[in-house]
Amino acid sequence: MCIILIICIYLSLIFISAASVLRPSTCQLQGLFRLNGIYQDGDVILGGLFEVHLFTVFPELSFRTEPDPPYCEKFNMEGFRQAQTMAFAIDEINKNPNLLPNITLGYHLYDNCVMLGMAFRAAISLATGTEEYFTDLSCTGPPPVIGIVGDPSSTPSIAISSVLGLFHVPMISHYATCSCLSDKTKYPSFFRTIPSDAFQVRAMIQILRHFGWTWVGLLYSDDDYGIYASLSFKQEMQLFGGCVAFSEILPSNSNPKNIKHIMEIIKFSTARVVVVISTSSYVLPLMDEVVLQNLTGRQWIASEAWATAPVFQTPRFLPFLRGTLGIAIRHGEILGLKEFLLNLHPSNDPKNNMLRIFWENMFVCSFETEVDGEQIKKVCTGQEDLSATDTPYTDVSRLRAAYNVYKAVYALAHALHDLMQCEEGRGPFSRNSCANIISLKPWQLVHYLKHVNFTTGFGDQVSFDKNGDALAIYDVLNWQPSSDGTVKFQSVGVVNEGPTTGMVLTLDEDAIYWNFEPKKPPLSVCSESCSPGTRRATKKGLPVCCFDCLPCADGEISNSTDAIVCTMCPDEFWTNPEKNQCVPKIVEFLSYQDPLGISLTTASLIGTCFCVLVMIVFTLHHNTPIVRANNSELSFLLLLSLKLCFLCVLLFIGRPQLWTCRLRHAVFGISFVLCVSSILVKTIVVIAVFKSSRPEGKGAMKWFGAAQQRCTVLVLTALQVLICAVWLSTASPTPHKNNQYIRSKTVYECSIGSVAGFSMLLGYIGLLAAVSFLLAFLVRNLPDNFNEAKFITFSMLIFCTVWITFVPAYVSSPGKYAVAVEIFAILASSFGLLVAIFFPKCYIILFHPERNTKKAIMGR
């Protein structure tokens with residue numbers, strides 16, 4: 001085994017030594033990509049990736065020969081202007097003696113043709129260089145590029161940064177907004193001068209919130225930019241309380257079938273607001289279909305990737321896209337840029353072939369003789385005047401993406417400048433060392449980029465947070481018709497986010513153009529807002545934005561629009577008719593101003609007056625036989641007690657107070673016991689008088705004289721007084737606010753305190769009334785002349801009937817009506833006693849005085 005191992009090691013050493021002898025001393029590039037570019041030499045080279053063409057055309061594959069390289073079509077003037085802005089920034093830095101003195105920056109800029117494959121080819125070319133042979137195998141000197149400005153799209157930026165990040169090559173994108181790129185663990189050397197999509201989405205939500213658009217459609221591009229932003233948008237919409245009516249992907253291949261499918265969804269959706277998060281290359285086929293199908297009545301919300309795209313400024317799109325609101329990156333001014341752009345001239349250098357392509361597209365000519373159909377194309381001279389042209393290339397009025405390019409170049413320049421200012425022994429690297437420009441490593445520049453902080457000539461601060469993101473600020477654009485029939489982008493607001501203020505939207509609503517009649521914001525909701533006094537009830541199977549408005553239940557309110565739940569009012573409060581406010585409950589008690597209270601008070605006073613009148617009649621005729629019969633004292637005592645019964649009613653009317661609550665039942669109980677005990681004694685007197693008129697009962701009245709009658713009444717009344725005293729001293733009635741009878745009202749009443757005490761009070765009255773009734777009933781057949789017992793029987797029958805019916809009526813009556821029932825029972829029984837007992841006597845006294853004689857009364 002050991003011998004075999006030794007032989008293997010020996011053979012390996014032989015192969016290694018042979019390989020070292022055969023290795024050539026020169027590295028040769030295995031192949032070159034055919035790329036459109038601009039090049040300028042310098043001590044240090046910066047790379048750039050820009051969307052100079054909008055489409056990439058790939059050749060057909062035969063699988064028999066090496067395929068031709070892809071080529072790009074549809075020249076993008078704005079993308080080329082961004083590339084020239086980088087060239088201008090580098091030229092400006094080279095002329096600045098205070099920034100990177102003795103260092104000349106160069107650049108190598110490539111066209112990514114809005115295609116991941118082309119962008120990746122360009123990035124690899126920048127990172128490895130394009131020299132065909134490389135002899136310095138010690139790898140000294142700076143890398144081919146020390147940093148890259150770009151890529152403007154998120155998907156290429158993710159792919160490129162994933163690879164170049166392994167070597168810590170710094171990338172500063174001016175337009176890639178995917179929030180995923182903020183992950184420093186995956187993309188450690190990625191920076192950007194445009195805010196993340198996380199900020200853009202929140203800015204869009206602020207606009208939707210401002211106009212109350214809770215029911216919106218969502219379209220997004222089939223790339224990382226659109227997919228990540230759409231996920232963030234849906235999450236933010238949930239937090240905002242809005243809903244996405246539909247969510248569709250814009251196809252990357254512009255498939256007409258897919259585009260028509262999306263159009264059908266937009267047309268039949270009730271959402272009037274459509275948010276589109278995409279680049280212009282994805283949106284353009286959709287808008288062509290919008291024009292073809294004449295689709296109007298939609299409010300478009302554009303993401304920053306197409307909110308300022310010149311391709312949509314043509315008159316063809318004006319009737320459909322005017323009124324669009326868009327999020328745009330912060331604009332800026334770059335002094336001297338326009339002059340630089342106008343002084344551009346084509347070059348014969350193959351590395352600068354992009355200049356020739358630009359020139360041919362700008363002036364519709366060719367540097368070589370070409371036949372276009374049957375016509376020969378105009379030949380370019382290179383002396384054409386750019387100042388006579390009017391294209392997005394020469395428009396520097398409100399620079400956005402180009403301004404971000406400008407800031408990115410200066411960020412790299414300031415980082416490199418800070419690196420060169422390092423003093424040996426005080427550096428940030430191991431052993432306090434500094435970076436060397438001759439042997440510069442990309443990761444060393446990344447360190448300084450993290451701490452870059454400067455202000456542009458326009459006054460904007462440039463720095464990066466811990467995730468490599470720039471400060472979040474956006475312009476809100478409105479697409480408005482211009483005088484020449486095209487679309488112009490008008491700034492109508494700003495969205496910025498501060499560390500303490502959060503996301504703040506400032507809008508000039510008067511400056512916004514709406515593509516609706518009347519010129520007002522459209523309504524885009526699944527269900528109308530629920531007004532105060534109602535609550536939202538989600539419809540089954542539909543999003544939360546689709547709901548019914550249900551009125552709040554009694555005793556509950558909602559004082560805000562679109563309330564989720566209704567709030568219970570406190571115990572002392574109730575809802576107003578609109579159910580949007582808690583108001584103090586109506587306080588209910590039997591008052592003197594109440595019609596019922598007035599009626600009962602009047603009846604009480606009438607009953608009292610009748611008692612007084614009867615007393616007057618009896619007083620004036622106190623010597624007559626009808627008055628003196630059966631002890632006139634008892635008659636006057638009975639009248640007095642009845643008067644007290646009538647007057648005690650007044651204690652039951654009015655706002656309950658402690659003293660009235662204590663007195664009302666006590667006075668009522670004592671008055672009625674006094675009344676019933678007097679009737680009981682009168683009944684006994686009738687029996688005694690009848691017996692004494694017979695020979696065998698001549699001594700009956702001797703044992704039940706006037707003194708005994710008074711004593712009996714006092715003893716019976718004293719027992720009731722004792723019951724009341726015990727009741728009031730142990731658990732006396734108190735005022736009480738009752739919210740149980742009627743929830744919408746507070747009923748002021750007197751709680752009885754002790755049920756046993758109240759029951760004993762009523763039970764004692766009932767006992768006396770029952771005994772009186774039985775005695776009167778037993779002697780009802782006495783001779784007519786003596787028979788007051790019949791009237792007593794009738795009066796007690798009324799009394800008992802009233803109080804027996806009182807109990808169920810009292811228990812079933814709510815609030816003040818329970819008090820009214822009790823008063824009615826008092827008045828009815830009092831009037832029954834007064835009429836039944838005293839009306840016959842008053843009738844005889846006043847209308848038949850001839851019968852008011854002893855002979856008439858004693859006659860047989």
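Reading the values: rules and limits
Residues numbered from 1 in each chain as written. Predicted model: local features only at pLDDT ≥ 70, side-chain atom pairs only at ≥ 80, totals over all residues. Heavy atoms only, no water. Helix = DSSP H or I, 4+ residues; strand = E, 2+ residues; numbered from the N terminus. Contact = heavy atoms within 4.5 Å. Areas by Shrake-Rupley, 256 points an atom, 1.4 Å probe, with all protein chains shown as cover. Pairing = 2+ DSSP bridges. Axes fitted to C-alpha atoms, helices over the stretch in contact; angles between N-to-C directions. Core = buried A, V, L, I, M, F, W, Y, C linked by side-chain atoms within 4.5 Å. Buried < 20%, exposed > 50% of the residue type's maximum accessible area, 1.4 Å probe, protein only. Expected span 1.5 Å × (residues − 1). Polar contact = N/O pair within 3.5 Å; in protein donor to acceptor, adjacent residues only side chain to side chain. Phe/Tyr/Trp six-rings, centres within 6.5 Å; stacked < 30°, edge-to-face > 60°. Lys NZ or Arg CZ within 6 Å of the ring centre and 35° of its normal. 1 Å grid on protein atoms, 1.4 Å probe; cavity = no way out; pocket = protein on both sides within 12 Å on 5 of 7 lines; lining within 4 Å. Points joined across faces, edges and corners; volume = space filled by probe spheres on them. Nonpolar A, V, L, I, M, F, W, Y, C, P; charged D, E, K, R; others polar. Salt bridge = Lys/Arg side-chain N within 4 Å of Asp/Glu carboxyl O. pLDDT = per-residue confidence, 0-100.

Undergrad: In this structure, what is going on with the overall build of the protein chain? I would like to understand it.
TA: When you go through the protein chain residue by residue, the secondary structure sums to 22 helices and 31 strands. Restricting the contact set of the protein chain to residue pairs at least 6 apart, pairs at least 24 apart contribute 69%. Carbon and sulfur atoms make up 59% of the accessible area of the protein chain, which totals about 41700 Å².

Undergrad: Mind showing me how you'd approach the sheet that holds strand E10 (residues 190-192) here?
TA: Hydrogen bonds along the backbone pair up the strands of a sheet, which may run parallel or antiparallel. Spatial strand order, E2-E6-E3-E8-E9-E10: six strands in an open sheet with mixed pairing. What marks the edges here is a single partner per strand, and that holds for strand E2 (37-40) and E10. Within the sheet, the average angular offset between the axes of one strand and its neighbour, ignoring direction, is 20 degrees. Across the sheet, helix H3 (residues 116-128) is in contact with strand E3 (44-50), strand E6 (105-111) and strand E8 (147-149); its angle to E3 comes to roughly 180 degrees.

Undergrad: Help me understand the nonpolar core in this model?
TA: Nonpolar side chains in soluble globular proteins tend to be buried together. Core analysis: the biggest nonpolar cluster contains 68 residues, and Phe-80, Met-86, Leu-105, Phe-358, Tyr-393, Val-409 and Leu-449 have the highest contact counts within it. Here this core gets 13 residues from one element, more than from any other, and that element is helix H12 (residues 401-420). Once you skip the residues sitting within four places of it in the chain, Phe-358 turns out to touch Phe-75, Met-77, Phe-80, Leu-344, Leu-386 and Tyr-393. By size, the runner-up hydrophobic cluster in this structure holds 57 residues, among which are Ile-626, Val-627, Leu-761 and Ile-792.

Undergrad: Explanation requested: helix H5 (residues 197-211) in the structure shown.
TA: Given 3.6 residues per helical turn, the α-helix brings residues three or four places apart onto the same face. Taking 1.5 Å as the rise per residue, H5 with 15 residues should run 21 Å; its terminal C-alpha atoms sit 21 Å apart, in good agreement. Of all the residues in H5, the buried ones are Asp-197, Phe-199, Gln-200, Val-201, Ala-203, Met-204, Ile-205, Gln-206, Ile-207, Leu-208 and Phe-211. Where H5 begins, the capping side chain belongs to Ser-196, and its oxygen is found 3.1 Å from the backbone nitrogen of Ala-198. One or two positions beyond H5, positive phi appears at Gly-212, with a value near 70 degrees.

Undergrad: Which parts of the structure should I look at to understand the environment of Ile-792?
TA: Topologically, Ile-792 is positioned in helix H20 (residues 789-812). Between the C-alpha atom of Ile-792 and that of Ala-776, which follows or precedes it by 16 residues, the distance is 6.2 Å. Contacts of Ile-792, omitting those with residues within four sequence positions, involve Ile-679, Lys-682, Thr-683 and Ala-776.

Undergrad: Sorry if this is basic, but what is going on with the packing of aromatic side chains here?
TA: Describing an aromatic ring pair means giving the distance of the ring centres and the angle of the ring planes. On inspection of all chains with the given rule, the structure shows 32 aromatic pairs. Plain terms: the ring middles of Trp-727 and Phe-758 are 6.0 Å apart, the flat faces sit at 50 degrees to each other, and that makes the pair tilted. Here Phe-758 lies in helix H19 (residues 755-778) and Trp-727 lies in helix H18 (residues 706-731), a separation of 31 residues in the sequence. An identical accessibility class is assigned to Trp-727 and Phe-758; each is buried. One aromatic cluster in this structure is built from Phe-75, Phe-80, Phe-358, Trp-359, Phe-363 and Tyr-393. A cation sits over an aromatic face here: Lys-351 above Tyr-39, 4.4 Å from the ring centre. Positioned over the ring face of Phe-367 is Arg-356, at 4.5 Å from the centre of the ring.

Undergrad: Whenever I open this one, empty space enclosed by the protein confuses me. Can you help?
TA: Using a probe with the size of a water molecule, rolled over the atoms, empty space left in the structure can be pinpointed. Evaluated as defined, the whole model comprises two cavities of 30 Å³ or more. For the largest cavity, the full set of lining residues is Phe-589, Leu-590, Phe-652, Gly-654, Pro-656, Arg-664, Tyr-748, Glu-749, Cys-750, Lys-816 and Val-819. When residues of the lining of the largest cavity are traced back to their parent elements, those giving at least two are strand E31 (745-751) and helix H21 (816-847). Element by element, the count of residues in the lining of the largest cavity is highest for E31, at three residues. Per-class residue counts for the lining of the largest cavity are seven nonpolar, one polar and three charged.

Undergrad: Would you take a moment to explain the sheet that holds strand E29 (residues 586-588) for this structure?
TA: If you trace the three strands from one edge of the open sheet to the other, you get E29-E31-E30, paired in mixed fashion. The two strands at the open ends of the sheet, each matched to only one other strand, are E29 and strand E30 (734-738). Direction aside, the axes of adjacent strands within the sheet are offset by 25 degrees on average. Two elements, E30 and E31, share five bridges in a ladder whose sense is antiparallel. Looking across to E31, one finds that Lys-737 is bridged to Tyr-748.

Undergrad: In this structure, what is going on with the pattern of salt bridges? I would like to understand it.
TA: Think of it this way: side chains of opposite charge can pair up when their charged atoms draw near. All chains considered together, the criterion is met by 12 salt bridges. The closest approach of N and O atoms between Arg-316 and Asp-288, which form a salt bridge, is 2.6 Å. Placement of Arg-316 in the loop between strand E14 (299-302) and helix H9 (318-321) and of Asp-288 in helix H8 (residues 280-292) is noted, with a sequence separation of 28 residues between them. Judged by its relative accessible area of 43%, Arg-316 falls in the partly exposed class. Take Asp-288: its relative accessible area is 29%, and that puts it in the partly exposed class. The closest approach of N and O atoms between Asp-475 and Arg-400, which form a salt bridge, is 2.8 Å. Placement of the pair is Asp-475 in strand E20 (residues 473-481) and Arg-400 in the loop between strand E17 (375-376) and H12, with a sequence separation of 75 residues. For the pair shown, Asp-475 and Arg-400 are each scored as buried. Each of the salt bridges in this network shares a partner with another, and the network as a whole consists of Arg-330, Arg-400 and Asp-475.

Undergrad: For this particular structure, what's the right way to read the confidence of the model for the protein chain?
TA: Should pLDDT be low for a region, the predicted coordinates there are not to be read in detail. For the protein chain, the average pLDDT comes to 85, and 90% of its residues sit at 70 or higher. Note on residues 1-23: pLDDT under 50 across the span, and zero contacts to partners over four residues away in sequence or across chains.

Undergrad: Would you take a moment to explain unusual backbone geometry for this structure?
TA: It is generally the case that most residues other than glycine have a negative phi and that most peptide bonds are trans. Following Gly-150, the chain continues to Asp-151 via a peptide bond in cis, the omega torsion being -5 degrees. In this fold, Asp-151 is placed in the loop between E8 and helix H4 (154-164). The omega torsion across Glu-517 and Pro-518 is -5 degrees, close enough to zero to call that bond cis. With respect to the helices and strands, Pro-518 occurs in the loop between strand E22 (502-507) and strand E23 (534-538). We note that Asp-562 has phi near 60 degrees; this positive angle belongs to a residue other than glycine. Following the sequence through the fold, Asp-562 ends up in the loop between strand E25 (556-557) and strand E26 (567-568). A residue is classified by how much of its surface remains accessible, and Asp-562, at 22% relative accessible area, is partly exposed.

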